[in-house]
Amino acid sequence: MERDIRNNPGLLKLELYCRGAHIDDSLRVKDEGGRPILRTRAGLGSGLEVILPDNMWTNIPVVEPFVRHSPYVVRRREDGSVWVDEGREPIAEVKLAPRPGWYDRKTSTGKLMTAVGTLQGTYLGVYPAKVCEYWTERDRTNCKFCSVGLNLGADDADDKKVAEVVEVAAAARDESDITYVDFNTGHYEGETYLDILEPYIRAVKQATGVMIGVQTPPHSDLSRYDRLKKLGVNRVSFCFEIYDPEIFVETCPGKAERYGLKRYLDAVEYNARLGKSAGLSFDPWVSNGEIIAGIEPPDSSIRAIQWITGVGAIPTVCVFRPLCGTDYEKVPPPRTEEMVPVFAAQYEACMRAGLPIAVAPNVNVSLVMLPWESRWLVSKGVRRRFALGEAKMAAMRRLFRRHLYGQLHRADAARRTAGPIQAATA
Ligand code: SF4
């Protein structure tokens, strides 16, 4: 593996997650067309959205206290270019993730569009319902790394109507060329999360044709996922966060009490089987198991990755970020060296299992290191071993891209004729 971060954007992305960066006075993010630093990041991030070399999108911690010790600075040169420097030493020229025009607009109901949905990298993230109930119980049982309950009312609107979400998704489709919308909820008593999401899913799919992802707690009736698949959902994701059973209970007391780790794992496995039974299709279905690396020991995260890929699901791995105001705000972030083997295992396990990583077009994710991006963290020998697999993946990517854009352009044309809301109800 290339160990010089100047020549390895994957390692740079990881290093910046772990250490953060200062924003130099020369850089006025909003004035330069960058995205504001919002806290509405599904409770996991809050930083500066930047595009690193190799078109690697990231979200750099800039406000948390641990950033004080970072040697990295994001600054603007006199020629207008933006760089990550280590002190005064240039590391990499980067771009600010562009702030779309719709970020400054309101919906027809008068809500700021960014309070309805925000771009996370190049996809639209929507948290449509009220705050996760772990935050509102008398004895709070929220996950200790999470900031969702601190965010709402600040950057995010509470009650989002289906028509508002469709309007924002249509704007993001037209102006930001999104291909994917991710719906996310927390925990609600009575397992209402899928009932809440279904009208949004149906309307956004109908109006835009984009791929749809759903991230909620695991429903006890697994046949609900068959139904989601029929509705046009393409990805379901289950955030069990921690694979070590004791650390899971300690970190996620609400999840442990209401669902338990096993129920999360069963849902990941069920949905991976559902994908396999569908075979190769232009209407993809993937199951994701989502973990946070840096709270439990790296070996445990690697075991989680091996379990997830072993059942045919794709691991999504976030790097723990001690967000301001959370229960874990004083816990130090992990060190880059500890994280490298975790992400190397992510790439290797996905490739060994022949999982479809990096097939969906224009889905660049700023808050996590994608399995495909983790290829930067393995040895040349490992890359050589999977050269054929990578070539197959590239061919699938081209084929799928052609198909998906055909579908999107047809939906765009219909929506422009009918208007977003009419298109959603047609
Ligand atoms: S389930 Fe946990 S991580 Fe998700 S919103 Fe609720 S407290 Fe936050």
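Residues numbered from 1 in each chain as written. Predicted model: local features only at pLDDT ≥ 70, side-chain atom pairs only at ≥ 80, totals over all residues. Heavy atoms only, no water.

1. Overview of the site of the ligand
Surrounding the ligand, one finds Tyr127, Cys132, Tyr134, Trp135, Asn142, Cys143, Phe145, Cys146, Val148 and Lys255. Of the residues contributing to the shell around the ligand, the split by class is eight nonpolar, one polar and one charged. (Near = heavy atom within 4 Å. Nonpolar A, V, L, I, M, F, W, Y, C, P; charged D, E, K, R; others polar.)

2. Re the packing of aromatic side chains
For the structure shown, the criterion picks out nine aromatic pairs. Taking the centre distance of 4.9 Å and the plane angle of 70° together, the rings of Trp102 and Tyr103 count as edge-to-face. When sorted by exposure, Trp102 lands in the same class as Tyr103, which is buried. Ring geometry for Tyr347 versus Phe386: centroids 6.0 Å apart, planes at 85°, classification edge-to-face. Of this pair, Tyr347 sits in helix H10 (residues 336-352) while Phe386 sits in the loop between helix H11 (380-385) and helix H12 (387-418), placing them 39 residues apart in sequence. When sorted by exposure, Tyr347 lands in the same class as Phe386, which is buried. (Phe/Tyr/Trp six-rings, centres within 6.5 Å; stacked < 30°, edge-to-face > 60°. Buried < 20%, exposed > 50% of the residue type's maximum accessible area, 1.4 Å probe, protein only. Helix = DSSP H or I, 4+ residues; strand = E, 2+ residues; numbered from the N terminus.)

3. Remarks on the domain arrangement of the chain
When the domains of the chain are assigned, the result is domain 1 (9-96) and domain 2 (104-407). A C-alpha centroid distance of 23 Å is found between domain 1 and domain 2. Taken together, the 32 residues of domain 1 in the interface contact 38 residues of domain 2. Together, the buried faces of domain 1 and domain 2 total about 3,200 Å²; carbon and sulfur atoms form 62% of this surface. Where domain 1 meets domain 2, there are two salt bridges. Of the charged contacts in the structure, one is a salt bridge between Asp54 and Arg375, with a shortest N-O distance of 3.5 Å. One can count 12 residue pairs in polar contact (both at pLDDT 80 or more) joining domain 1 with domain 2. Of all elements in the fold, only helix H1 (9-19) and strand S3 (56-60) reach the threshold of two or more residues within the side of domain 1 that touches domain 2. (Domains from an automatic or database assignment. Contact = heavy atoms within 4.5 Å. Buried area = accessible area lost by both parts, 1.4 Å probe. Salt bridge = Lys/Arg side-chain N within 4 Å of Asp/Glu carboxyl O. Polar contact = N/O pair within 3.5 Å; in protein donor to acceptor, adjacent residues only side chain to side chain.)

4. Side note on the sheet that holds strand S7 (residues 118-120)
Pairing in this open sheet of seven strands is mixed, and the strands run S7-S8-S9-S10-S11-S12-S13 from one edge to the other. Because the sheet does not close on itself, it has two edges, and the strands there are S7 and strand S13 (314-319). Taking the axes of each pair of neighbouring strands and ignoring which way they run, one obtains an average angle of 30° across the sheet. As judged from the three bridges shared by S7 and strand S8 (residues 123-126), these two strands associate in the antiparallel manner. Bridge assignment links Leu119 to a residue of S8, and that residue is Leu124. (Pairing = 2+ DSSP bridges. Axes fitted to C-alpha atoms, helices over the stretch in contact; angles between N-to-C directions.)

5. Overview of the pairing of strand S5 (residues 82-86)
Direction of pairing for strand S4 (residues 72-76) relative to S5: antiparallel, over a ladder of five bridges. Counterpart to Arg76 in the pairing with S5 is Val82. Two elements, S5 and strand S6 (residues 89-96), share five bridges in a ladder whose sense is antiparallel. Across the sheet, residue Trp83 finds its bridge partner in S6, namely Glu93.

6. Concerning the pattern of salt bridges
Scanning the model with the defined rule gives 33 salt bridges in all. Where Arg6 meets Glu89, a salt bridge forms, and the shortest distance between an N and an O atom there is 3.5 Å. Of this pair, Arg6 sits in the segment before H1 while Glu89 sits in strand S6, and the two are 83 residues apart along the sequence. Under the relative-accessibility criterion, Arg6 is labelled partly exposed at 43%. Between Glu390 and Arg383 there is a salt bridge; the shortest N-O distance is 2.9 Å. Glu390 sits in the buried class, given a relative accessible area of 11%. If you follow the salt bridges from partner to partner, you end up with Arg173, Asp174, Asp177, Asp412, Arg415 and Arg416 in one network.

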